[in-house]
Amino acid sequence: KKQATAVLNMMAREMPAGIHDNLDTYVLSLFGLAHDPAASVRVEVVRGMVQLLTVQPDKLHAHLYQVIEYMLQSNEAADEGIALESCEFWMAFCEAQLEPELLRPFLPRLIPMLMKNMVFHEDDEEVLDAIEAEQAKPERVSEMRPVHHKQSQQHGGADDDDGDDGDDEGYARWNL
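Everything numeric here is computed off the predicted structure, so don't read it as measured data.

1. Digging into the overall build of the protein chain
Phase 1 of the analysis: Within the protein chain, the regular secondary structure consists of eleven helices and zero strands.
Phase 2 of the analysis: The secondary structure elements of the protein chain, listed N-terminal to C-terminal, are α-α-α-α-α-α-α-α-α-α-α.
Phase 3 of the analysis: Expressed as a percentage of the 176 residues in the protein chain, the buried residues total 28%.
Phase 4 of the analysis: Pairs at least 24 apart in sequence give 61% of the contacts found in the protein chain among residues at least 6 apart.
Phase 5 of the analysis: Approximately 12,100 Å² of the protein chain is accessible, and the part contributed by carbon and sulfur atoms is 54%.

If you want it as structure tokens, here you go:
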């Protein structure tokens, strides 16, 4: 089942006439395998649904709420392969330019799930610490002035500012 589904998924990318003519059968087959006991089969089911969303989003539109629910469950799967593959669905959803309102009923579950499963780089902790430190310190009046507001400009002096206000030391390691 795994290999057959994998082959169909590869063919669906190119959408040859044989697949295109039987796309509804392919979709129904994916749905039929969605709860297969073998994790490797479910990985291929998720890949197939992501692939369909990428190449033929209209074929999933009638079942989109069920597919979104399945992907939410798959994101929480104990099998890491299923969970990782199902993460691709959310990117494919955005790239398919579907109506964002379709996700609204799922946002209370989707956002915490995505945040919980987010992987941070080791430097990200330093960034988070810097943000917390910045938010914790009180703002000075001089920091609230617009950037273009310089004392030398008010008094007609030459503007020797090279765009560097000297406050960048704490952000030298940021990797935006």
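2. What to know about the environment of Leu 84
Phase 1 of the analysis: As for its position among the elements, Leu 84 is in helix 7 (residues 80-95).
Phase 2 of the analysis: With relative accessibility at 51%, the residue Leu 84 sits in the exposed group.

3. Some details on the confidence of the model for the protein chain
Phase 1 of the analysis: Looking at the protein chain, pLDDT values average 78 and 73% of them are 70 or higher.
Phase 2 of the analysis: Here helix 11 (residues 151-154) is the element of the protein chain with the lowest mean pLDDT, 50, and helix 6 (residues 64-75) is the one with the highest, 94.

4. Focus on the pattern of salt bridges
Phase 1 of the analysis: According to the stated counting rule, one finds seven salt bridges in the structure shown.
Phase 2 of the analysis: For Lys 59, the salt bridge is made with Asp 24, and the minimal N-O distance between the two is 3.4 Å. Taken as a pair, Lys 59 in helix 5 (residues 57-61) and Asp 24 in helix 3 (residues 23-33) lie far apart in primary sequence, 35 residues in all.

5. Thoughts on the packing of aromatic side chains
Phase 1 of the analysis: Per the counting criterion, the structure on display carries three aromatic pairs.
Phase 2 of the analysis: Ring centres of Phe 89 and Trp 90 lie 4.9 Å apart, and the angle between their planes is 85 degrees; on these two criteria the pair is classed as edge-to-face.
Phase 3 of the analysis: Its relative accessible area of 0% is what places Phe 89 among the buried residues.
Phase 4 of the analysis: Seen in terms of ring centroids, Phe 89 and Phe 93 are 6.3 Å apart; in terms of plane orientation they differ by 45 degrees. Their pairing is tilted. Of this pair, Phe 89 and Phe 93 both sit in helix 7, four residues apart, which is roughly one turn of that helix. Taken as a pair, Phe 89 and Phe 93 share a single burial class, namely buried.
Phase 5 of the analysis: Each member of the aromatic cluster is reached from another via a ring pair, and the members are Phe 89, Trp 90 and Phe 93.

6. Considering helix 6
Phase 1 of the analysis: The terminal C-alpha atoms of helix 6, which comprises twelve residues, lie 16 Å apart, in line with the 16 Å expected from a rise of 1.5 Å per residue.
Phase 2 of the analysis: Residues of helix 6 that are buried: Leu 64, Val 67, Ile 68, Tyr 70, Met 71, Leu 72, Ser 74 and Asn 75.
Phase 3 of the analysis: Structurally, helix 6 contributes buried residues whose contacts are with helix 3, helix 4 (39-55), helix 5, helix 7 and helix 8 (107-117).

Calculation criteria
- Residues numbered from 1 in each chain as written.
- Predicted model: local features only at pLDDT ≥ 70, side-chain atom pairs only at ≥ 80, totals over all residues.
- Heavy atoms only, no water.
- Helix = DSSP H or I, 4+ residues; strand = E, 2+ residues; numbered from the N terminus.
- Buried < 20%, exposed > 50% of the residue type's maximum accessible area, 1.4 Å probe, protein only.
- Contact = heavy atoms within 4.5 Å.
- Areas by Shrake-Rupley, 256 points an atom, 1.4 Å probe, with all protein chains shown as cover.
- pLDDT = per-residue confidence, 0-100.
- Salt bridge = Lys/Arg side-chain N within 4 Å of Asp/Glu carboxyl O.
- Phe/Tyr/Trp six-rings, centres within 6.5 Å; stacked < 30°, edge-to-face > 60°.
- Expected span 1.5 Å × (residues − 1).

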